[in-house]
Amino acid sequence: MTATNNGSAVRAPRVYVAGHSGMVGSAIVRVLEQQGGVQIIARTHAELDLTCQADVRSFFKDEAPTHVYLAAAMVGGIHANNTYPAEFIYQNLMIEANVVHEAWRAGVQRLMFLGSSCIYPRLAPQPMGEDALLTGTLEPTNEPYAVAKIAGIKLCESYNRQYGTDYRSVMPTNLYGPGDNYHPENSHVIPALIRRFHEAKLAHAPNVVIWGTGAPRREFLYVDDMAAACVHVMDLEKSVYNACTQPRLSHINLGTGEDLSIRELAHLISDVVGYPGHIEFDASKPDGPPRKLLNVSRLEGLGWRAQTELRQGLAMVYGNYMSTLQQRANG
């Protein structure tokens, strides 16, 4: 409980972070804890299956959160998206539909939906502004995931239009940071490369082979910067948020506004890891979109810019990865 100036007591916001144990959700929790003044509500997947509407309804009824960060999602890299397309579209559609609808039923004051830059057309003009949404064909390798994330934006917009809710959407660029997935096949590019270069260094391997040509350009945002941006956008007055968006184009890009090629990224990571060998590129493997750079002018106009430079962030992530390996080795 916190006291107001006139002596009356008000309850601290009850903030449900869906997906709190994942890389994105845990970063949001860290920022909220640093900020203070809120009660954080969290449930593991074992405790609450967000694809089950009845369970989600009971949770919202019992816990009565005032604010929701919807960071729960099934995520993965190119290989995972190509291998499990049905799971990617089903799981993500069900999660967002249940959480958004039950948040409305429970009278949640404000909700934030976290999407992805893959919502934009494969060949969208660069950098990609929010108005590029639904203007062209999606990247085939992650189309099911992208369609689900587009549906999440439209869910929030539709509830806002019909019921006057305050549901907001942010579209982060490619993320990296503590808590990332280092699976040898299903991880995203940065954790995959960190693991491969680290293992190659230990094995004294003469070369590392990387999927694709190395030509595609990508933008990367440190996950704690992303979380800070989310809290910044969530805390904006409704009138400020609405003034910078549109009822049917309400999402906000989260990124750095800078990109580099996968080839450049690979050499940067090999340098951070300390791998001295040769890097080769397998052009027979898929590249994905040629470029994915976000236009972040809307976000910057709201007073927020990324703080973590890429090399600095990669060094922190590699240190975190090494610590995790050491903890596992120590049992």
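### Comments concerning the environment of His183
For His183, the position within the fold is in the loop between strand S8 (174–176) and helix H6 (189–203). Expressed as a C-alpha distance, the spacing of His183 and Arg195, which sit 12 residues apart in the sequence, is 8.7 Å.

### A look at the sheet that holds strand S15 (residues 291–292)
The sheet built from three strands is open, its strands ordered S13-S10-S15 with mixed pairing. The sheet terminates laterally at strand S13 (260–261) and S15, the two strands that pair on one side only. Alignment of strand S10 (residues 217–218) against S15, held across two bridges, turns out to be parallel. Within S15, the residue paired with Arg217 across the bridge is Arg291.

### Some details on helix H7 (residues 223–234)
Helix length check: H7 (12 residues) gives 16 Å between terminal C-alpha atoms against 16 Å at 1.5 Å per residue, within 8%. Burial analysis of H7 places 10 of its 12 residues in the buried class, which makes it a mostly covered element. Every buried residue belonging to H7 is among Val223, Asp224, Asp225, Met226, Ala227, Ala229, Cys230, Val231, Val233 and Met234, and all of these are buried.

The rules we used
- Residues numbered from 1 in each chain as written.
- Predicted model: local features only at pLDDT ≥ 70, side-chain atom pairs only at ≥ 80, totals over all residues.
- Heavy atoms only, no water.
- Helix = DSSP H or I, 4+ residues; strand = E, 2+ residues; numbered from the N terminus.
- Pairing = 2+ DSSP bridges.
- Expected span 1.5 Å × (residues − 1).
- Buried < 20%, exposed > 50% of the residue type's maximum accessible area, 1.4 Å probe, protein only.

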